[in-house]
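Commentary on secondary and tertiary structure
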Amino acid sequence: MEKAEKAVNEGEHHEVRADAPAGPGDGTDGVWSGSWVAERLGVELVGDDRLTGLLGLALRRNPKRAHLLVSNVLGKHVPQSPSVVYGYGVELGRRVRELLGDDEARKAVVLGYAETATGLGHSVADGLGLAPYLHSTRRPVAGLTPAGGFEESHSHATSHLLLPEDPALLTGDGPLVLVDDEFSTGNTVLNTIRDLHERYPRRRYVVVALVDMRSPADANRLADFAEEIGARVDLVTAASGTVRLPEGVLEKGQELVARHEADSAAAGDRPSAAPSWPVARFPAPLGRSPQGARGTARSAPTGPQPDDHRIDLHWPADLPDGGRHGFTPAHRARLEAALPAMAARIAEALPRNARRVHILGFEELMYAPLRLARELERTTGIEVSYSTTTRSPVLAVDDPGYAIRTRLAFPAHDDPADGPGERYAYNVAGAGFDAVVAVVDSAGDTPALHAPDGLLACLAAHTPRVLLAVIPSHAPERPSMLPEPLRGPAFSSYAPEEVGWLLQDLSDVTLEAPTEEREEAIQSGGAHYAESLPVEYQPSEQYQELFHAALETSAARIAQAVGVVTETVLAECSPRPVLVSLARAGTPVGILMRRWAQYRHGLDLPHYAVSIVRGRGIDANALRWLAEHHDPRDVVFVDGWTGKGAITRELAQAIDEFEKSDGITGFSPEIAVLADPGSCVRTYGTREDFLIPSACLNSTVSGLISRTVLRADLVGPHDFHGAKFYRELAGTDVSVTFLDAVSARFPEVADAACAQAKELLATDRSPTWEGWAAVERISEEYGIHDVNLVKPGVGETTRVMLRRVPWKVLARAGAGSDLDHVRLLAEQRGVPVEEVDALPYTCVGLIHPKYTRGATGADGKAVTL
C-alpha cells in the first residue's frame, strides 16, 4: 500500500491506495473495452497499469463531456461476477478501517452516492464493519425531512437528498466516509462536505472511490478545501490516473455520437423493447473465462411474464431494502442470516439446465441484488453475473473494444418524483444468459414494469427465462405533528386573525434571481419556476399613483364581487366554511370574504393560505394539517381570478392524487374566485375581466409575502412549502390599505351583492372553458405553441410584466382605464401593445417564446436589420 501525506495548516489531506482484490483484466481476446473510443478520439488513460482493467470507455450525448468512463467492477453498466464487485467494495472498506482504527471506525458513518455508488458504498460499510450506512437518493419520501441535500451539477434542482430515518445518524462528530465510484473532478464530494459541514461539522472525512482520475489542479482543490474547513480529509482509492483529452475532443465526440445515432435510426432500431443498437455477440462477464460466452439472443416469448415467474424471497420483516434511510450493523447481521435461504429460493426457481444466470438490480437498489447474486454464486455451481438498470443514456456500439455493446431501453416503472422517462439496461441483451432475475423494490413493481414495453418484456426477448423478485420498500415512520400556521406580525403584515399561513418561513434564504436568468432557465427545462423568486418589483411613483387611482375607481365593484362570491359559498358549500386561499393572489380575496361574512352574518370564519404550484400540485402537508383540524367537507379553496384555468385543473388533479396517497376524502376541488373571465369555475363574484388592484403589485399588496417556493433542498417531505416575508418593504406596503378601501364599500353594495348572488344561484353556472379555447387559439396564431406562455386577463398580464420576460401585450380594442397600469409597465419595459378586435379578455400577456438572453425574435434569436 502506498501512502502520501500532506499537512496543510489547520487541515490535512491524506491519500491512501487500497490494494485491489484480484479482478478483471482486458476484455475478450485481450481487447481493451476502451480502445474503440481511444482510437477515434485520441482519449488516453494515464496512470496505474490496472486502469484499463478497471475502466472501459463509451460515448454519450453530453454538452460538457462526450466520453464516459465505464467501470468494469461496479456492477452498473457491465455484467460482472458479484464476488468481484463485492470484493472491491469490501477491500476498500477494510483499508478505511485500517486507516481510522477501530475506535474511530465505531464512530464513523458511511455515505454512498445515488444512484451509481449505492451498492459500492454499502460494500465499503461492510468492509469497515462497525459503522452504519446511508446513501443519498433522488426519491423523496412524504413525511421525512432531508438531513441535507447537495448538487451534482449547477442545476437549480437538488440532485441528491439525504433522508435518514434516524435524524441523529449524521449529527455525530466521528469520521464521515463518502463513497463514490469515480473521483473525476471532486465537485460532488466538495458540495457534499460543504453542505454537511455547515450543518454537522466534524473533524475528519474520508473520501473513497474505485478510481481517482482527477487532474493535478483538481487534486489541489481537495487539499485547499481541507485547510479551509479545518478538517482532515483522507482519500482511499483502488487505482489512480488521469484522462488525457486532445484538443477538440468534445466536438469530435458529439459528431461521432450523432453519426452513430443516425446510422441506428436508419437501420430501424427501436428504442424500447429491442436494443437501440444491434444486439450481436457479447463477451463473457469480465473476470470470467470467455469460453462459451459468445452467443446471439435466444428466441423467447415476448410480453410480460405470468405471475408464476415471481420469486417470493421471504425478505425479513422490517429489514430495510438498502441504505436509503439508514442501514446499521444490526441490520447487516439480520441480512447475513437470511441470505442463504433467499438465495436457495432463487436457485429453486431457475430452470434446471441454467448455467449462466444474471441478477439485474434496479437503479438505487444495488446492494440487496448484489448480495443475493453473490450468495447464489457462492452456494451453487452456476455462473452468476450482476448489473443494474440505470437512468444514464449511453451510446451502444457492438465492438469488442467498446464498453457498452448493447442497450435495452424501457419506461421508468417506479413513478419517479421527477416524472416519467426512459431507463436502460446495458450489455444484457445478446449475452447468452439462460435466465435473468430482475430484483426490484415494491415501489418499482408497477403496471409499467409488466407492460408490453416494460423491462420484463424487454428482457424476455433476449433470454429464455425471466424471473422477478420484489423486495419490500422500506417506509420510515412519518412524524404525526405538523407545525402551526404562521401569522402576522411575525410573518406578514396582516393581523393574526385575518389569515394563518400554512407555509414555512424562508426569509433568511437568498432565492431571488434576475428575471431574464430565471426565464431562460425555466424555458430551457433547467429549472422550475417555483425553485426561485423574481426580484421584487419596486413601483415608481407614477405607478403607485395609478394603483391608488385604480383602487378608488374599482373598490365598490370589487366589494360587490366579494359579496356575491361569499354569499354563493355560504349558500352552496357550507354554512360555516373554512376558507383556504391559494397563496398568494388568493389571500387578499380570502381575507375580504372573511370580512364580508363577519360584516353581513356575524361569522368568524377560519382562514388559511396554502401553496399550490403548477406542475407540482398543492401542498399535501397543508391538506394533512387541515384534515387534522377541520372537516375537509367544509374547506373552500379561494383564488383571486382565473386566467385559462390551469390552477383549477391542477387543484382537481392534486386532490385526486392526495385521496389515493393518504386515503383522506372530502376536499372539494372547486375554487371560489373573485373574477372568472375564463369561465373555469362555478363559484365566482363576476365573470368580467377588469382591473383588480391587488394584481397591480407583488408582495406589497399581499401582506409582504413572496410567491411560494418549492425546492427539494429547502422543503422536506413533511415541511410546508416555503415563502419569504419582505419586512424591509414595510415602507411601501399597501396590503391593509387595499383591504380597508374595499371593506369600506360593503354597506353601499350589500343589497345589490345579495340580489346578484340570488340570481346566480338560480342559473346554470357550469364552466364553458372558453378562456382555455381562446388561449389555445392565440398560442397557435402567434406561433408560440405553448399555452403556458399565454397569460390571459388583466391580472395574469400584470404578472407577466412584473415577473417574467414579456414579448407583447394583446389589448382588446377600446379597453380603457383598466389597462393604464399595463400600458405604463409595457412602456417601461419596451414591450409593444397590440390592439385586437373581439378579444375575449380585456388583455392577454404573451411571455417571450424560446427566450434566450439577447433574443428579440419569437424564435429565440436576435433579429438583424
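Residues numbered from 1 in each chain as written. Predicted model: local features only at pLDDT ≥ 70, side-chain atom pairs only at ≥ 80, totals over all residues. Heavy atoms only, no water.

The next point concerns the packing of aromatic side chains. Geometry of an aromatic ring pair is reported as the spacing of the ring centres plus the angle between the planes. This model, assessed by the stated rule, comprises twelve aromatic pairs. Look at Tyr 424 and Tyr 426: their rings are 5.9 Å apart centre to centre, the planes differ by 15°, and that puts the pair in the stacked class. This pair shows no difference in class: Tyr 424 is buried, exactly as Tyr 426 is. Of the aromatic side chains, those joined through ring pairs into one cluster are Phe 491, Tyr 494, Trp 501 and Phe 725. It is Arg 649 that lies over the ring of Trp 769; its NZ or CZ is 4.5 Å from the centre. (Phe/Tyr/Trp six-rings, centres within 6.5 Å; stacked < 30°, edge-to-face > 60°. Buried < 20%, exposed > 50% of the residue type's maximum accessible area, 1.4 Å probe, protein only. Lys NZ or Arg CZ within 6 Å of the ring centre and 35° of its normal.)

Turning to the side chain of Asp 218, a few remarks are in order. Relative to the elements of secondary structure, Asp 218 occurs in helix α7 (residues 216-229). Take Asp 218: its relative accessible area is 17%, and that puts it in the buried class. In contact with Asp 218, other than residues within four places in its own chain, are Ser 184 and Thr 185. (Helix = DSSP H or I, 4+ residues; strand = E, 2+ residues; numbered from the N terminus. Contact = heavy atoms within 4.5 Å.)

Its 13 residues give helix α6 (residues 187-199) an end-to-end C-alpha distance of 19 Å, which sits within 8% of 18 Å, the value for a rise of 1.5 Å per residue. What α6 keeps buried is the set Thr 188, Val 189, Leu 190, Thr 192, Ile 193, Asp 195, Leu 196 and His 197. (Expected span 1.5 Å × (residues − 1).)

With respect to the helices and strands, the residue Val 236 is situated in strand β12 (residues 232-244). Here Val 236 falls in the buried class, since its relative accessible area comes to 0%. Residues Val 236 and Leu 99, 137 residues apart in the sequence, show an inter-C-alpha distance of 9.1 Å.

Let us now look at the pattern of salt bridges. Inspection of the entire model under this criterion finds 41 salt bridges. Taking the shortest distance from any N to any O, the salt bridge between Asp 604 and Arg 594 comes out at 2.4 Å. Of this pair, Asp 604 sits in the loop between α15 (586-601) and β25 (607-610) while Arg 594 sits in helix α15, and the two are ten residues apart along the sequence. Among the residues examined, Arg 594 registers a relative accessible area of 6% and is labelled buried. For Asp 740, the salt bridge is made with Arg 595, and the minimal N-O distance between the two is 3.0 Å. Of this pair, Asp 740 sits in helix α18 (residues 735-743) while Arg 595 is found in helix α15, placing the two residues 145 residues apart along the sequence. One salt-bridge network, held together by shared partners, links Glu 91, Arg 94, Arg 95 and Glu 98. (Salt bridge = Lys/Arg side-chain N within 4 Å of Asp/Glu carboxyl O.)

Two elements in contact, α15 and α18, have axes whose closest approach is 10 Å; the angle formed by their N-to-C orientations is 40°. With respect to each other, α15 and α18 are oriented oblique. Like other packed secondary-structure pairs, α15 and α18 cross with a definite hand, here right-handed. Residues Pro 588, Ile 591, Leu 592 and Arg 595 of α15 form the contact with α18, whose participating residues are Phe 738, Leu 739, Asp 740, Val 742 and Ser 743. Classifying every residue of the contact of α15 with α18 gives six nonpolar, one polar and two charged. (Axes fitted to C-alpha atoms, helices over the stretch in contact; angles between N-to-C directions. Parallel < 35°, antiparallel > 145°, perpendicular 65-115°, else oblique. Left-handed = near helix turned anticlockwise from the far one by under 90°. Nonpolar A, V, L, I, M, F, W, Y, C, P; charged D, E, K, R; others polar.)

Backbone-to-backbone hydrogen bonds pair the strands of a sheet. The strands run either parallel or antiparallel. Spatially, four strands are ordered β32-β35-β33-β34 in an open sheet, and the strand pairing comes out mixed. The two strands at the open ends of the sheet, each matched to only one other strand, are β32 (790-792) and β34 (833-836). Each strand of the sheet is rotated relative to its neighbour by a mean of 20°, with strand direction disregarded. Sheet topology places strand β33 (residues 806-812) next to strand β35 (residues 843-847); five bridges connect them, and they run antiparallel. Bridging across to β35, Leu 810 finds its partner in Val 844. (Pairing = 2+ DSSP bridges.)

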